[in-house]
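Chain and residue survey
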Amino acid sequence: MPEIRTALDYAERHFGINRLLIREDLKAAPGSFFLEKFGQLINLGRAGQLAMRRVLDSHLEGIEHDLQGLPCRLYPRRTDHSLESPKLIVINPRVSFGRPVLVSRSVTTASIADRIDAGDTIEEVARDYGLANDEVEEAIIYERVA
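Source: prediction; values computed, not measured.

Quick look at the overall build of the protein now. Counting its regular elements, the protein contains five helices and eight strands. When the helices and strands of the protein are read in sequence order from the N terminus, they spell out α-β-β-β-β-α-β-β-β-β-α-α-α. Looking at the protein as a whole, 33% of its 146 residues are labelled buried.

So this is what it looks like as structure tokens:
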């Protein structure tokens, strides 16, 4: 909460922004808030320090915005950290109550991991849900690191 207050105060004082939390140019990372301004990212919690744009962009590229510019879906980064990788897992508050699911079938990653923990093979789970083996593997890895 202190980080949020610091970011709100800084944005209001230095940029005249009153409703920071609903702006599309607000970017967030764990414990930090950034404002896209002047073609750069400004760290609102650290007295306006400029962030390394490319590093932050690689983390933020998985956020999808709706027509009003509000975040609506999150595609967690792939385990191989490739920016070109297909988006296999999505977190969407309108699907499965915001639980992470596989994009292709809306099967929760937790249910896949539960099946594997119960002794099913990757091939069995993939066949039962109509998934590719790499989708099942990605769900398992996501659940193990989440």
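In this fold, L21 is placed in the loop between α1 (2-15) and β1 (26-29). Counting along the chain gives 17 residues from L21 to I4, while the straight-line C-alpha distance between them is 9.2 Å. Apart from the residues within four sequence positions on either side, L21 is in contact with L8 and L26.

It is worth spelling out the environment of S96 at this point. With respect to the helices and strands, S96 occurs in the loop between β7 (89-90) and β8 (101-102). Sequence separation between S96 and T108 is 12 residues, and the spatial gap between their C-alpha atoms is 7.6 Å.

Now for α1. Its 14 residues place the ends of α1 19 Å apart at the C-alpha level, agreeing with the 20 Å of an ideal helix rising 1.5 Å per residue. For α1, every residue scored as buried is listed here: A7, Y10 and A11. Angularly, the buried residues of α1 cover 100° about the axis, an arc narrow enough to put them on a single face. Among the exposed residues of α1, those pointing more than 90 degrees away from its buried face are P2, R5 and R13. Backbone geometry just downstream of α1 places G16 in the positive-phi region, at approximately 65°.

In this section: the packing of helix α3 (residues 109-117) against helix α4 (residues 122-129). Two numbers describe how α3 lies on α4: the axes approach to 9 Å, and their chain directions differ by 135°. Judged by the angle between their axes, α3 and α4 are oblique. In the crossing of α3 with α4, the sense of the turn from one axis to the other is right-handed. Mapping the contact onto sequence places S111, I112, R115 and I116 in α3 and I122, E124, V125, D128 and Y129 in α4. For the contact of α3 with α4, a count of residues per class yields five nonpolar, one polar and three charged.

Moving on: the pattern of salt bridges. Counted according to the given criterion, the structure contains four salt bridges. Among the salt bridges present, the one from D120 reaches R115, with a minimum N-O distance of 2.5 Å. Overall, D120 belongs to the partly exposed group, its relative accessible area being 26%. The partner of D128 in a salt bridge is R115, and the shortest N-O contact between them spans 2.5 Å. Separated by 13 residues along the polypeptide, D128 in helix α4 and R115 in helix α3 bring together distant segments of the chain. Shared partners join several salt bridges into a network, and the residues in it are R115, D120 and D128.

What counts and what doesn't
- Residues numbered from 1 in each chain as written.
- Predicted model: local features only at pLDDT ≥ 70, side-chain atom pairs only at ≥ 80, totals over all residues.
- Heavy atoms only, no water.
- Helix = DSSP H or I, 4+ residues; strand = E, 2+ residues; numbered from the N terminus.
- Buried < 20%, exposed > 50% of the residue type's maximum accessible area, 1.4 Å probe, protein only.
- Contact = heavy atoms within 4.5 Å.
- Expected span 1.5 Å × (residues − 1).
- Arc of directions from axis to C-beta.
- Axes fitted to C-alpha atoms, helices over the stretch in contact; angles between N-to-C directions.
- Parallel < 35°, antiparallel > 145°, perpendicular 65-115°, else oblique.
- Left-handed = near helix turned anticlockwise from the far one by under 90°.
- Nonpolar A, V, L, I, M, F, W, Y, C, P; charged D, E, K, R; others polar.
- Salt bridge = Lys/Arg side-chain N within 4 Å of Asp/Glu carboxyl O.

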